[in-house]
Amino acid sequence: MTWGIVPAAGRGSRIQPLAFSKELLPVGSRFDHGRERPCAVGEYLVERMILGGADKICFVISPGKSDIRKYFGAGYYSTPIAYVVQAHPSGLCDAIFRACPLIAAEEPVMIGLPDTVWFPQTALAELPDDQLSFLLFPVEQPEFFDAVVLDEEDSVLEIQVKQQNAASNWIWGSFKMPGRVLAELHRTWLARNCQDEYIGTLVNAYLAAGGTAVGVKAGRAYVDVGTLNGYRAAMALLAAAASSDEPAKEATEGKAGADIPPDIALRQLR
């Protein structure tokens, strides 16, 4: 059994004002049972988690984001969804750890950002279940993201959080670990008086204390949809994907041990 954690409690101030949660921003469209409809940006991450092997999803939401619960309901097709609440906006680390009571030590858990669109769709299946691992994407401007510095064996040396002159052009877009490592990160965070807002600084402390992590360069394209420029870039990326059969091929030939209806796996992007 594998969990997917979707931290969706943020205010989305970069792209506000919206009349709804930023995770429900329509980006592209999809076909459901032969009918085309707008696709909420958060659906892309949920789909990719399911294609990567997740059979349970947990949304972390703020008290005011009942629209997310109403939109996704009790499940995404056959994959059940649970919800936990982050009472106050206290950063990504705090949001992720709200889900800790649900995660058993032996259960793998994958985490991503619900305002992103990336390819290949099945890349999360490349991450191992038994250690902390980061799904990496190449970008031209790593200073706007969390750049991941690796050694020659792809072990993580450092995560540079939005750092000018970053030493790597590879950024993390999602990550995975067993539940016991999530618990270790949580204990590290508590020992540091919960000062880490970003996962990168916490992981650096975890590594300094003897922890290990690996980077997997399986990503090809990554867009943060949290700004207007990012929104435009996401639409362009999806338009490019629509002109190729590659996304559909990935969905049907990848390591997807998940129950996704064919009309979802073979989605026509617009």
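This text goes with the structure placed above it.
All of these numbers come straight from a predicted model, not from anything done at the bench. (Residues numbered from 1 in each chain as written. Predicted model: local features only at pLDDT ≥ 70, side-chain atom pairs only at ≥ 80, totals over all residues. Heavy atoms only, no water.)

Trainee: Lay out the overall build of the chain with the relevant residues and their values.
Mentor: Secondary structure assignment for the chain yields eight helices and 14 strands. Residues counted as buried form 53% of the 270 residues belonging to the chain. When contacts within the chain are restricted to residue pairs at least 6 apart in sequence, those whose partners lie at least 24 apart make up 72%. Only carbon and sulfur atoms are counted for the fraction: they give 51% of the accessible area of the chain, which is about 12,000 Å². (Helix = DSSP H or I, 4+ residues; strand = E, 2+ residues; numbered from the N terminus. Buried < 20%, exposed > 50% of the residue type's maximum accessible area, 1.4 Å probe, protein only. Contact = heavy atoms within 4.5 Å. Areas by Shrake-Rupley, 256 points an atom, 1.4 Å probe, with all protein chains shown as cover.)

Trainee: Give a detailed account of the side chain of Gln-160, specifying residues and quantitative values.
Mentor: The residue Gln-160 is located in strand β11 (residues 156-161) in this model. A polar atom in the side chain of Gln-160 sits 2.8 Å from the backbone nitrogen of Ala-167. In this structure, Gln-160 is in contact with Phe-145, Asp-146, Ala-147, Val-149, Ala-166, Ala-167 and Ser-168, ignoring residues within four places of it in sequence. (Polar contact = N/O pair within 3.5 Å; in protein donor to acceptor, adjacent residues only side chain to side chain.)

Trainee: Describe the pattern of salt bridges, and please don't skip the residues or the numbers.
Mentor: Taken as a whole, this structure holds twelve salt bridges when the rule is applied. A salt bridge links Arg-30 to Asp-32, with the nearest nitrogen and oxygen atoms 3.5 Å apart. Here Arg-30 and Asp-32 have matching classes, each one buried. With a shortest N-O distance of 2.7 Å, Asp-196 and Arg-192 are connected by a salt bridge. Take Asp-196: its relative accessible area is 5%, and that puts it in the buried class. By relative accessible area, which is 28% here, Arg-192 ends up partly exposed. (Salt bridge = Lys/Arg side-chain N within 4 Å of Asp/Glu carboxyl O.)

Trainee: Give a detailed account of the pairing of strand β4 (residues 56-61), specifying residues and quantitative values.
Mentor: Burial analysis of β4 places six of its six residues in the buried class, which makes it a mostly covered element. Side chains of β4 alternate between two faces, with Lys-56, Cys-58 and Val-60 and Ile-57, Phe-59 and Ile-61 buried alike. Pairing analysis gives five bridges linking β4 to strand β6 (residues 79-85), with the strands arranged parallel. Note that in β6 the partner of Phe-59 across the bridge is Tyr-83. (Pairing = 2+ DSSP bridges.)

Trainee: Go over unusual backbone geometry with me, naming the residues and quoting the values.
Mentor: Between Phe-119 and the following residue, Pro-120, the backbone shows a cis peptide bond with an omega angle of 0°. As for its placement among the helices and strands, Pro-120 is situated in the loop between β8 (116-119) and β9 (133-138). Backbone geometry at His-33 places phi at a positive 50°, although glycine is not the residue there. With respect to the helices, strands and loops of the structure, His-33 is situated in the loop between β2 (26-32) and β3 (35-40). Since its relative accessible area comes to 65%, His-33 is described here as exposed. In this structure, Tyr-77 is a non-glycine residue whose phi angle is positive, near 55°. Here Tyr-77 shows up in the loop between β5 (75-76) and β6.

Trainee: Break down the packing of aromatic side chains for me, citing the residues and quoting the values.
Mentor: One pass over the structure, following the stated rule, counts twelve aromatic pairs. Ring centres of Trp-118 and Phe-137 lie 5.5 Å apart, and the angle between their planes is 55°; on these two criteria the pair is classed as tilted. Taken together, the positions of Trp-118 in strand β8 and Phe-137 in strand β9 put the pair 19 residues apart, joining distant regions of the chain. Aromatic pair Phe-134 and Trp-172: ring centres 6.3 Å apart, planes at 55°, arrangement tilted. With Phe-134 in strand β9 and Trp-172 in strand β12 (residues 170-178), the pair connects residues that are 38 residues apart, well separated along the chain. (Phe/Tyr/Trp six-rings, centres within 6.5 Å; stacked < 30°, edge-to-face > 60°.)

Trainee: Hey, could you go over the packing of helix α4 (residues 179-191) against helix α5 (residues 199-208) for me, with residue numbers and the actual values?
Mentor: Two measures define how a pair of helices packs: the angle their axes make with one another and the distance between the axes. Closest axis-to-axis distance for the α4/α5 pair is 10 Å, and the angle between their directions is 100°. Taken as axis vectors, α4 and α5 run roughly perpendicular relative to one another. Contacts between α4 and α5 involve Val-181, Glu-184, Leu-185, Thr-188 and Trp-189 on the former and, on the latter, Leu-202, Ala-205 and Tyr-206. Broken down by class, the residue content of the contact of α4 with α5 amounts to six nonpolar, one polar and one charged. (Axes fitted to C-alpha atoms, helices over the stretch in contact; angles between N-to-C directions. Parallel < 35°, antiparallel > 145°, perpendicular 65-115°, else oblique. Nonpolar A, V, L, I, M, F, W, Y, C, P; charged D, E, K, R; others polar.)

Trainee: So what about the side chain of Arg-30? Which residues, and what values?
Mentor: Locating Arg-30 in the fold gives a position in strand β2. Take Arg-30: its relative accessible area is 0%, and that puts it in the buried class. Of the polar contacts made by the side chain of Arg-30, one reaches the side chain of Asp-32; its length is 3.5 Å.

Trainee: Let's hear about helix α1 (residues 41-51): which residues, and what values?
Mentor: Buried residues dominate α1, accounting for eleven of its eleven residues. All buried positions along α1 are accounted for by Val-41, Gly-42, Glu-43, Tyr-44, Leu-45, Val-46, Glu-47, Arg-48, Met-49, Ile-50 and Leu-51. Where α1 terminates, the next one or two residues include Gly-53, which has phi positive at roughly 115°.

Structural measurements only, silent on function.
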